[in-house]
Amino acid sequence: MKFINKNIQQFLLNRELNSSKKNKREFIAWDKAKSMAIVYDATQKENRELVHNWAQKLRNSGKEINELGFINEKKLSNMLDVRYGNEYFSRTELSFFGIPEKSRFNDFLNRKFDYLICLNSDSNILLLYFAVKSNAKSRIGFHSDHQKDFFDIMIKPQKNDSIAENLVLIENYLKIL
């Protein structure tokens, strides 16, 4: 049954992604960008802390940052440190077929961010869904042949897949564009 649900989820998410990939986008220079969203796999505490610390650094420089982290568990833990500008979701907030419940995420998806940064180097289709469906002016993600239609800027991730190094890489790259 799990295999069937996974295949249906893959089909439905791919259909949603393909219907959205042609949206017009525009690029804003890093120093002019005011608002950003970061979507990432927040299952590991270390990843949550690294992303939140980077987001806080960006907030301190005057940018409005929203974090959306997916925790690959059935329920969210009460131990999560929910702070201003970050939110988490788990498998509970997905439909029977593994599709994000749109009403729960409408505010995030409709917000007009200058950048949406997708820290998805392992092809997590749920994170890709939020990147593609977002109302961001520019979508930034890691290079992957099967994701090339979904991002405006693609950056080749570090070989060791370190989130800390990839965050620095993204920031440095965007600063020179």
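Right, let's walk through the structure included here. (Residues numbered from 1 in each chain as written. Predicted model: local features only at pLDDT ≥ 70, side-chain atom pairs only at ≥ 80, totals over all residues. Heavy atoms only, no water.)

Inspection of every chain in the model, using the stated rule, returns nine aromatic pairs. Measuring from ring centre to ring centre gives 6.0 Å for Phe27 and Tyr115, while their planes differ by 45°; the resulting arrangement is tilted. Of this pair, Phe27 sits in the loop between helix H1 (2-20) and strand S1 (35-41) while Tyr115 sits in strand S4 (residues 115-119), placing them 88 residues apart in sequence. Judged by relative accessible area, which is 38%, Phe27 ranks as partly exposed. Among the residues examined, Tyr115 registers a relative accessible area of 0% and is labelled buried. Ring geometry for Phe108 and Phe130: centres 6.3 Å apart, planes at 80°, overall edge-to-face. In this pair, Phe108 is assigned in helix H3 (residues 102-110) and Phe130 in helix H4 (residues 125-133), connecting sequence segments 22 residues apart. Taken as a pair, Phe108 and Phe130 share a single burial class, namely buried. An aromatic cluster is present here, built from Phe70, Phe89, Phe105, Phe108, Phe113, Tyr129 and Phe130 joined pairwise through their rings. Over the ring of Trp30 we find Lys63; its NZ or CZ atom is 5.2 Å from the centre of that ring. (Phe/Tyr/Trp six-rings, centres within 6.5 Å; stacked < 30°, edge-to-face > 60°. Helix = DSSP H or I, 4+ residues; strand = E, 2+ residues; numbered from the N terminus. Buried < 20%, exposed > 50% of the residue type's maximum accessible area, 1.4 Å probe, protein only. Lys NZ or Arg CZ within 6 Å of the ring centre and 35° of its normal.)

In this section: the pairing of S4. Among the five residues that make up S4, five are buried, leaving the element largely enclosed by the rest of the structure. With burial as the criterion, each face of S4 is covered, one bearing Tyr115, Ile117 and Leu119 and the other bearing Leu116 and Cys118. Relative to S4, S1 runs parallel, the two being bridged by five bridges. What sits directly across from Val39, in S4, is Cys118. Pairing between S4 and strand S5 (residues 138-142): three bridges, direction parallel. (Pairing = 2+ DSSP bridges.)

Before going further, it helps to examine a nonpolar patch on the surface. A grouping of Phe27, Tyr173, Ile176 and Leu177 is seen on the molecular surface, where their side chains present a nonpolar patch of about 400 Å² in accessible area. Note that Leu177 resides in the segment after helix H5 (163-176). Here Leu177 falls in the partly exposed class, since its relative accessible area comes to 43%. (Patch = residues over 30% accessible without salt bridge, like charges linked within 9 Å, V, L, I, M, F, W, Y side chains within 5 Å. Areas by Shrake-Rupley, 256 points an atom, 1.4 Å probe, with all protein chains shown as cover. Salt bridge = Lys/Arg side-chain N within 4 Å of Asp/Glu carboxyl O.)

Here we take up the sheet that holds S1. What the six strands build is an open sheet, ordered S3-S2-S1-S4-S5-S6; its pairing is parallel. Among the strands making up the open sheet, the edge pair consists of strand S3 (86-90) and strand S6 (153-155). Each adjacent strand pair in this sheet contributes to an overall mean axis angle of 15°, direction not counted. Packing against the sheet, H3 makes contact with S1, strand S2 (64-71), S3 and S4, and its axis sits at approximately 145° to S3. (Axes fitted to C-alpha atoms, helices over the stretch in contact; angles between N-to-C directions. Contact = heavy atoms within 4.5 Å.)

Mapping Asn66 onto the fold places it in strand S2. A distance of 3.3 Å separates polar atoms of two side chains, one belonging to Asn66 and the other to Arg111. With near-sequence residues (within four places) excluded, Asn66 lies in contact with Met36, Ala37, Ile38, Gly85, Phe108, Arg111 and Phe113. (Polar contact = N/O pair within 3.5 Å; in protein donor to acceptor, adjacent residues only side chain to side chain.)

What follows is about the pattern of salt bridges. Tallied over the full model, the rule gives nine salt bridges. Across the pair Arg111 and Asp107 runs a salt bridge, and its minimum N-O distance is 2.3 Å. For the salt bridge of Glu171 with Lys175, the shortest nitrogen-to-oxygen distance reads 3.0 Å. Taken together, the residues span about one helical turn, with Glu171 and Lys175 both in helix H5 at a distance of four residues. The class of Glu171 is buried, set by a relative accessible area of 6%. Residue Lys175 is classed as partly exposed on the basis of its relative accessible area of 47%. By sharing partners, the salt bridges in this structure join Lys57, Glu171 and Lys175 into a single network.

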